[in-house]
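# Examining the three-dimensional arrangement
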Amino acid sequence: MMAQGDRLYVAHFSGFSVVDISDPTRPAELASVRVDMGMHNVWPNQDGTLLVGSQEILDGPLTLWDISDLSNIQQLDSLSTAPDRCVHNGYFDGDTVFAAWYIDGIYSFEIADGRFVQTGHHDTFPVDYPPPPEDVEPLPPIEGAWGLWSFGEHLIVGDTERGMMIFDHFPDTIMGQPGD
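Here's a quick rundown of the structure. (Residues numbered from 1 in each chain as written. Predicted model: local features only at pLDDT ≥ 70, side-chain atom pairs only at ≥ 80, totals over all residues. Heavy atoms only, no water.)

### Details of the pattern of salt bridges
- The tally for this structure, following the rule as stated, stands at 3 salt bridges.
- Linking Arg85 and Asp84 is a salt bridge whose minimum nitrogen-to-oxygen distance equals 3.2 Å.
- Linking Asp104 and Arg85 is a salt bridge whose minimum nitrogen-to-oxygen distance equals 2.3 Å. Taken together, the positions of Asp104 in the loop between strand E10 (96–100) and strand E11 (106–112) and Arg85 in the loop between strand E8 (74–79) and strand E9 (89–93) put the pair 19 residues apart, joining distant regions of the chain. (Salt bridge = Lys/Arg side-chain N within 4 Å of Asp/Glu carboxyl O. Helix = DSSP H or I, 4+ residues; strand = E, 2+ residues; numbered from the N terminus.)

In structure tokens:
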């Protein structure tokens with residue numbers, strides 16, 4: 001969930017909802033969107049016209065939604081890195097979308113014409129990940145970049161294998177310290 005002003009944005013097993021919380025004792029659903037396999041997280045932009053969401057499932061994408069008209073919410077874009085991967089969390093910071101993508105690392109995007117445009121990437125898990133055995137139902141790998149948060153030009157990354165890492169973020173590049 002993410003609260004912004006009088007609205008609460010809720011990811012759930014069947015999709016996501018936007019809830020009016022101007023009176024916290026009487027929340028009222030403003031919109032609900034059904035998404036196959038549900039949503040793991042959702043996050044609006046600052047003016048509440050766009051929303052990013054993630055699906056923590058095999059081939060789980062980062063999605064972009066136009067929520068400017070709550071009676072007509074439209075998916076604008078969907079981005080996956082590989083069929084055996086999934087994104088964990090995505091969020092807006094100003095006009096930039098940041099995403100932690102487990103074994104594929106961290107990404108930054110700008111939005112242009114309703115599409116994600118990649119502006120940065122750093123692989124925090126530079127190891128070849130073996131495919132699962134054929135007799136095992138595959139699950140998305142959940143090692144690597146678990147979460148990230150921006151602080152000005154810096155990104156704090158929580159990585160399941162390497163711990164906390166700090167990066168500098170400049171559009172078109174995400175750079176760590178030598179040896180990272």
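Still more ground to cover, so stick around.
### As for the nonpolar core
- Counting residues in each nonpolar core, the largest one holds 24 residues, and the members touching the most others are Val52, Leu62, Phe109 and Leu148.
- Secondary structure elements with two or more residues in this core: strand E6 (50–54), strand E7 (62–66), E9, E10, E11, strand E13 (145–151), strand E14 (154–159) and strand E15 (163–170).
- It is E10 that provides the largest number of residues to this core, a total of 4 residues.
- Contact partners of Leu148, with chain neighbours within four places excluded, come to Tyr91, Phe98, Ala99, Ala100, Ile106, Leu155, Ile156 and Val157. (Core = buried A, V, L, I, M, F, W, Y, C linked by side-chain atoms within 4.5 Å. Buried < 20%, exposed > 50% of the residue type's maximum accessible area, 1.4 Å probe, protein only. Contact = heavy atoms within 4.5 Å.)

### Some details on the environment of Asp47
- With respect to the secondary-structure elements, Asp47 resides in the loop between strand E5 (41–44) and E6.
- With relative accessibility at 58%, the residue Asp47 sits in the exposed group.
- When the C-alpha atoms of Asp47 and Ser68 are compared, they prove to be 9.0 Å apart, with 21 residues separating the residues in sequence.
- There is a polar contact of 3.0 Å between the side chain of Asp47 and the side chain of Asn45.
- Polar side-chain contacts of Asp47 include one of 2.7 Å to the side chain of Thr49. (Polar contact = N/O pair within 3.5 Å; in protein donor to acceptor, adjacent residues only side chain to side chain.)

### Details of the sheet that holds E8
- Pairing in this open sheet of 4 strands is antiparallel, and the strands run E5-E6-E7-E8 from one edge to the other. The sheet terminates laterally at E5 and E8, the two strands that pair on one side only. Recorded for the sheet is a direction-independent mean angle of 20 degrees between the axes of neighbouring strands.
- Bridge count between E7 and E8: 5 bridges; the pairing is antiparallel. (Pairing = 2+ DSSP bridges. Axes fitted to C-alpha atoms, helices over the stretch in contact; angles between N-to-C directions.)

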